[in-house]
Amino acid sequence: MGWLRVKEVCILVLVQMVLVQCQEIAVNDYNGINMSQLSDPTVMNQFTNIVYKRLSTLTEHLMNSQIAQKATFCITDQEEEWNKSFNYSSNLDFLSKCIAQTQGDLPKRLCTAAELKFYFTNFIASKKSAVSFLKPNTNCNSTTWVSGCEPGWACSSGLSQPNFTDSQEMPARTSNCQSCCEGFFCPQGLTCMIRYDLWVFAACPLGSYCPRATHNASTGLCDPYMYQLPPGYQNHTCGGANIWGDVNRGGSMFCSAGSYCPTNTQEIPCAGRHYCLMGSTSEKPCYRLTSCDPNSHRQNISQYGAMLIVGISVILFIFYNCYEQVITIREKRHARSRETAVKSVKENARAQARWLAAKDTIARRAREVSRSFSHRVVHPPIHEIEEHHDSFEGVDPETGERARKKKVKAKHIGKDTQMFRYAYSQIEKEKTQEQHHKDASTFSAVISSAMDAGVSTRPTIEIAVKDLTVTLKHKKRHLLRSVNGEILPGRITALMGQSGAGKTTLLSALAGKTVGCSITGLVLINGKAVSIASYKKIVGFVPQDDVVHGNLTVEENIWFSANCRLSADLPKADKVLVVERVIESLGLQPVRNSLVGTVEKRGISGGQRKRVNVGLELVMEPSLLFLDEPTSGLDSSSSQLLLRALRREALEGVNICLVVHQPSYSLFNMFDDLILLAKGGLTAYHGAVSDVEHYFANLGIRVPDHINPPDYFIDVLEGMVKPQTSSGVSVTYEELPLRWMLHKGYPVPPDMQRNTSEDGVSAMHGTSGNQENHSTEHLSFGGELWQNLKYRVEAQFDVIRHNFLKSHDLSRRRTPRVVVQYRYFVGRIAKQRLREARIQAIDYLILLLAGACLGLIARSGDESFGMGGYTYTIIATSLLCKIAALRTFSLDKLEYRRERASGISSLAHFVAKDTIDHFNTLIKPLVYLSMFYFFSNPRSTFLDNYIVLLCLVYCVTGIAYTLAIFLEPGPSQLCSVLLPVVLTLLSTQPKDSQFMKILTNMCYPSWALEAFIVSNAKSYHGVWLIQRCGALLKAGYSLHDWNLCISLLMATGAACRALAFFGMLVLQKK
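No experiment lies behind these values; they were computed from the predicted model shown.

Some points on helix H15 (residues 606-618)
It helps to recall that an α-helix has 3.6 residues per turn; residues three or four apart then point in one direction.
Then, in step 1: For H15, which comprises 13 residues, the first-to-last C-alpha distance of 19 Å matches the rise-based estimate of 18 Å (1.5 Å per residue) to within 8%.
Then, in step 2: Summarising burial for H15: 12 of the 13 residues are buried, a large majority.

What follows is the structure, encoded as structure tokens:
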């Protein structure tokens, strides 16, 4: 059907051509030239130039007419295309020979409009396949069949001049029949010389070879054409060319591969060190490193592909190694600076200790002497002072510190060594003061150290809960019920209870993280009913799972959190102090430069990972800190270390609330307040830890000897242990929440007010569960399905509202701007990619193998302009690049959600990852083309192929982002494999209907394939013109759409990235 359409266009073009000719070339109208003098070379040359000049004038007229506009889909520059296809000005020998052969009556042998219309109408008579013969006509029929009707022959119209504009009646043309001229062609069934091309009069185009045929006795054919001599014609000889069409049907007219044709009547074998493609007009020199034998039709440039991949490998190796060396050197410099600072601080501390010891000795000896010789003036023992003089020279005798000429403020400290010395001196001072006051109060020295260190006062946050009830919307089940109390700043509140009691739910409700639940009651922040999101910048939340980047070191994880979440106005030296204090207090100093580790690659221990998880929140200096089971998986010493770090934060005014499971007695005594939750989310106790045993003792519940109180209370609440009660008092575990409400005077829910007796309490608890589920027992399947769908929609709406709801910032902290956070993200992601260099190398190796295999299997075919190879290229690169791009966002979803909840910019996170992935977007097309291009060797340039493949990789990378964010890892990988295959196969289907045309035009592989084909088709000229126009018309492509295809690929990639970013903001783990 495609060839049918292209030939229909040819009919319109050629018929219109004849109409505009208007007998431009008339017989005997040659400026007075006498036809009898054509044997004179001078006259022949003059006559040939006149004919060619008039043909060129006709060409210019046709180029500016509407006729040429119909072929713009396959022609970009008409003048340039004419020069490459039909400019014979360099050699007009074929035209001179034809004029001499026809004795000057060349115009009388050219086809009129009627003959052209008849030829092309019959040429496409069969819709299934084109035919090579014509129906009978006036000059060639069953009764009249002159020799001019045979292929390669033509006749003259005699004395009469044919009317070229008449498209209805064919002129009689049966006289002076002879073989077609060299450089022209004459079809079978017509007695004229046809003008086949769009512009020029009758000659074969450049790149063709149209000699006079010679008879091959062995085959009976007229070589190089595929027709035979007619029987019964004694003097009939082989004529000229008979057909010009696509390469499959008119390939005998094409200049053969391995030869070049400077004119359409001359074919020269290609010389050594040169190669000649099919349809070439000149031979092309081979590159230096290639080997080209004589008659070569293609040069082997695979060596350049090998050189390119070696060059890319060397550059990548140097880049990765240099970048790694830079990072290593920087880390070593930081380590040396830190060690120097630590050494200096310790020396100062020892000097200070020696000075204090010397001062105490002097004072003691002075007192002794004073008592013995009260009436004598006694000087201090000089020899004891001199003993310590060398160690503490320059130390202030009053303060015990080295005297300084000028006190240096933190914001003026610039060098790493100075910053570390400043940080460790403050830490050492805190330790010294803590140890000095340890006997009087265990942690009172921490307050003094905090004040002496100049730590800024943090804003305090007090939380008050009034009748808080959290109900699961889907099942109408209470997760928390009638919770009242206060969580005060400067205190550590432990949240305990049996499994399923609602501890994490309460923590999430206080932190504003509940989704899919209805909340009643009040949560007051500093006495005001404001959202906790208003204080997001100074609220820390440590999740139960250790959500930490495994391919970063401990120090890198903590530093990233500090850079993005501490105040932007905080000097760098103070940041160093905060980070070093957290690392020191959590006992992470030995593993600070160790990778945290992942599932595939082991790093630090589980307890250390848990402490890093806590350190990410401590380092941002929060005013309110929630921790979900921070001591799970820690041994006793690690738990003690963690609680000591939390105690220091509490002494600075931080409000700390944490969920713990069965703490040891010593750990339990380190808490200030305790919240005990019973079944159903009811509060059994909320008060000071020191009063919990006394409260339960008043209820008759006494802790047995040698039993850990928190373990015993949890066992009692769960009903596993029957409490030991005093005489006359009987209480069950179901009564404990109600007892607490009555004890504190909190409002009791209406259903519990009816059951204030002991038996009533038990009855209430025994039937509450059935009452909650009663509403769902009578629902039909459809009703339950509807309720489930409604719940999911409401839950997703809650997520969207939570993510996009803007609240007034009350934290009074200005965190770094998006641009600054983007810089931090780029540095972090670059380190992560560097540590994944082996995975990147595997990706590049797979692309290399794919390019080599596809380049060898699907060599660029001239008939389809390499469509097969480009189709495989689109599938392979789309699949491989999508699979690789999935890792960008699918591997760290939990880490992103934690960072986003803490106020870190999602835009900086997304743009930074996309920026780092641009490196692969630039390199992967080079890697693939280094094999595919140099093995398949298409006619298009390497740059054109690279640009198209670059835009394709950018497009599919954006699609992979969307799949990774909206889908789970399994479905996203499946879609990444299926989408390229299905869409590419769909893009190659015939566009028989408008629906198929619209559908295929919406697929990104169709844009990439069109860009590849158009880039390659632009390199085919001359004799390939009909092949190019037919192939483009059949596929529905246009040479002018290359920029459009590139723009569509880039726009699709950008749109998918915008959609993926929107998904990051909307979607959230349930």
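What follows picks up the thread again.
Here's the deal with the packing of aromatic side chains
Then, in step 1: Taken as a whole and judged by the stated rule, the model has 21 aromatic pairs.
Then, in step 2: Aromatic pair Phe560 and Phe825: ring centres 4.9 Å apart, planes at 70°, arrangement edge-to-face. Of the two residues, Phe560 is situated in helix H13 (residues 554-565) and Phe825 in helix H24 (residues 818-835); the sequence distance between them amounts to 265 residues.
Then, in step 3: Between the aromatic rings of Phe889 and Phe910, the centroid separation amounts to 5.2 Å while the plane-to-plane angle is 25°, which identifies the pairing as stacked.

Here's the deal with the packing of helix H29 (residues 942-966) against helix H30 (residues 969-987)
Relative orientation and spacing of two packed helices are given, respectively, by the angle between their axes and the distance between those axes.
Then, in step 1: The geometry of H29 relative to H30 is characterised by a closest axis approach of 9 Å and an angle of 150° between their N-to-C directions. On the basis of their axis angle, the class for H29 and H30 is roughly antiparallel. Along this stretch, H29 crosses H30, giving a crossing that reads as right-handed. Across from Ile959, Leu963 and Ala964 in H29, the residues of H30 making contact are Ser972, Cys975, Ser976 and Leu979.
Then, in step 2: Across the contact of H29 with H30, the residue classes tally to five nonpolar, two polar and no charged.

Quick notes on the sheet that holds strand E9 (residues 463-472)
Sheet strands pair via backbone hydrogen bonds, and the direction of the pair is either parallel or antiparallel.
Then, in step 1: Spatial ordering of the open sheet is given by E10-E9-E12, a layout of three strands whose pairing is antiparallel. The outermost strands of the open sheet, each flanked by one partner alone, are strand E10 (477-487) and strand E12 (517-525). Neighbouring strand axes in the sheet, compared pairwise and without regard to direction, differ in orientation by 5° on average.
Then, in step 2: The pairing of E9 with E10 spans seven bridges and is classified as antiparallel. Residue Val465 lies in a different strand from E10, and its bridge partner there is Gly485.
Then, in step 3: Along the sheet, helix H12 (residues 503-511) contacts E9, E10 and E12; its crossing angle with E9, the most-contacted strand, is approximately 120°.

Concerning the packing of helix H32 (residues 1004-1017) against helix H34 (residues 1042-1066)
Then, in step 1: Two elements in contact, H32 and H34, have axes whose closest approach is 9 Å; the angle formed by their N-to-C orientations is 145°. Seen from above, H32 lies across H34 with left-handed handedness. Seen from H32, the contacting residues are Tyr1004, Trp1007, Ala1008, Glu1010, Ala1011, Val1014 and Ser1015; seen from H34, they are Trp1042, Cys1045, Ile1046, Leu1048, Leu1049 and Thr1052.
Then, in step 2: Taken together, the residues of the contact of H32 with H34 sort by class into 10 nonpolar, two polar and one charged.

Description of the environment of Ile923
Then, in step 1: Tracing the backbone shows Ile923 in helix H28 (residues 906-936).
Then, in step 2: Residues Ile923 and Tyr844 lie 79 residues apart in sequence; the distance between their C-alpha atoms is 8.8 Å.
Then, in step 3: Leave out the neighbours within four places in its chain, and Ile923 touches Ile312, Leu316 and Tyr844.

So, the state of the cysteines
Covalently bonding the sulfur atom of one cysteine to the sulfur atom of another cysteine gives a disulfide.
Then, in step 1: Applying the stated rule across the entire model yields six disulfides.
Then, in step 2: Note on cysteine connectivity: Cys222 is disulfide-linked to Cys238, with sulfurs 2.1 Å apart. An S-S torsion of about -70° defines the bridge between Cys222 and Cys238 as left-handed. Residue Cys222 is located in strand E4 (residues 222-223), and its partner Cys238 is located in the loop between E4 and helix H7 (247-250); the two are separated by 16 residues in the primary sequence. In terms of burial, Cys222 and Cys238 fall into one category: buried.

Some points on a positive patch on the surface
Then, in step 1: Together, Arg330, Lys332, Arg333, Arg336 and Lys572 line one region of the surface with positive charge.
Then, in step 2: At four residues, the largest contribution of residues to the positive patch is made by helix H8 (residues 302-372).
Then, in step 3: With respect to the element layout, Lys572 can be found in helix H14 (residues 572-585).

Describing unusual backbone geometry
Then, in step 1: A cis geometry characterises the amide bond from Asp223 onward to Pro224, with omega recorded as 5°.
Then, in step 2: The backbone of Asn295 sits at a positive phi, close to 65°, despite the residue not being glycine.
Then, in step 3: Among the secondary structure elements, Asn295 is positioned in the loop between strand E8 (284-285) and H8.
Then, in step 4: Despite not being glycine, Glu629 has its phi angle at roughly 55°, a positive value.
Then, in step 5: When its relative accessible area of 10% is taken as the criterion, Glu629 is described as buried.

Notes on the side chain of Thr962
Then, in step 1: Locating Thr962 in the fold gives a position in helix H29.
Then, in step 2: Not counting the four nearest positions on each side in its chain, Thr962 is found in contact with Cys1056, Leu1059 and Ala1060.

Side note on empty space enclosed by the protein
Then, in step 1: Scanning the entire structure with this criterion turns up 11 cavities of 30 Å³ or more.
Then, in step 2: Reported here for the largest cavity is a volume of approximately 150 Å³.
Then, in step 3: Together, 15 residues line the largest cavity, and Phe560, Ser561, Leu616, Arg898 and Glu899 are the ones closest to its centre.
Then, in step 4: Looking at the lining of the largest cavity, the elements with two or more residues in it are H13, H15 and helix H27 (893-901).
Then, in step 5: Counting residues per element, the lining of the largest cavity draws most heavily on H13, at four residues.
Then, in step 6: A breakdown of the residues in the lining of the largest cavity according to their chemical character gives five nonpolar, four polar and six charged.

Here's the deal with the pattern of salt bridges
Then, in step 1: Under the definition given, this model contains 21 salt bridges.
Then, in step 2: For Arg835, the salt bridge identified is with Glu556, shortest N-O distance 2.8 Å. Of this pair, Arg835 sits in helix H24 while Glu556 sits in helix H13, and the two are 279 residues apart along the sequence.
Then, in step 3: The salt bridge partner of Arg565 is Glu617, with a shortest N-O separation of 2.9 Å.

Overview of the pairing of strand E5 (residues 259-263)
Then, in step 1: A large share of E5 lies buried, amounting to four of its five residues.
Then, in step 2: Strand direction decides the pairing type here: E5 and strand E6 (residues 266-269), joined by three bridges, are antiparallel. Considered in E6, the bridge of Thr263 is made with Gln266.
Then, in step 3: Between E5 and E6, which pair antiparallel in sequence order, lie two residues.

Let's talk about the confidence of the model for the protein
Interpretation of this model should avoid reading the predicted coordinates in detail wherever pLDDT is low.
Then, in step 1: On average, residues of the protein carry a pLDDT of 77, and 75% of them reach 70 or more.
Then, in step 2: H29 holds the highest mean pLDDT among the elements of the protein, 95, whereas helix H1 (residues 2-21) holds the lowest, 42.
Then, in step 3: Contacts from residues 61-67, a stretch scored under 50 in pLDDT, to residues over four places away or in other chains number 16 contacts.
Then, in step 4: For residues 195-202, every residue scores under 50 in pLDDT, and the model assigns this stretch 53 contacts once sequence neighbours within four places are set aside.

With respect to the sheet that holds strand E14 (residues 624-628)
Then, in step 1: Across the sheet, six strands lie side by side as E13-E14-E15-E11-E16-E17; this open sheet has mixed pairing. Across the chains shown, the open sheet's two edge strands, defined by having one partner strand only, are strand E13 (539-542) and strand E17 (683-688). Strand-to-strand twist of the sheet, defined as the mean angle between neighbouring strand axes without regard to direction, takes the value 10°.
Then, in step 2: The pairing of E13 with E14 spans four bridges and is classified as parallel. Note that in E14 the partner of Phe541 across the bridge is Phe626.

Calculation criteria
Residues numbered from 1 in each chain as written. Predicted model: local features only at pLDDT ≥ 70, side-chain atom pairs only at ≥ 80, totals over all residues. Heavy atoms only, no water. Helix = DSSP H or I, 4+ residues; strand = E, 2+ residues; numbered from the N terminus. Expected span 1.5 Å × (residues − 1). Buried < 20%, exposed > 50% of the residue type's maximum accessible area, 1.4 Å probe, protein only. Phe/Tyr/Trp six-rings, centres within 6.5 Å; stacked < 30°, edge-to-face > 60°. Axes fitted to C-alpha atoms, helices over the stretch in contact; angles between N-to-C directions. Parallel < 35°, antiparallel > 145°, perpendicular 65-115°, else oblique. Left-handed = near helix turned anticlockwise from the far one by under 90°. Contact = heavy atoms within 4.5 Å. Nonpolar A, V, L, I, M, F, W, Y, C, P; charged D, E, K, R; others polar. Pairing = 2+ DSSP bridges. Disulfide = S-S within 2.5 Å. Patch = residues over 30% accessible without salt bridge, like charges linked within 9 Å, V, L, I, M, F, W, Y side chains within 5 Å. Areas by Shrake-Rupley, 256 points an atom, 1.4 Å probe, with all protein chains shown as cover. Salt bridge = Lys/Arg side-chain N within 4 Å of Asp/Glu carboxyl O. Lys, Arg positive; Asp, Glu negative; His and termini not counted. Charge placed at Lys NZ, Arg CZ, Asp CG, Glu CD. 1 Å grid on protein atoms, 1.4 Å probe; cavity = no way out; pocket = protein on both sides within 12 Å on 5 of 7 lines; lining within 4 Å. Points joined across faces, edges and corners; volume = space filled by probe spheres on them. pLDDT = per-residue confidence, 0-100.

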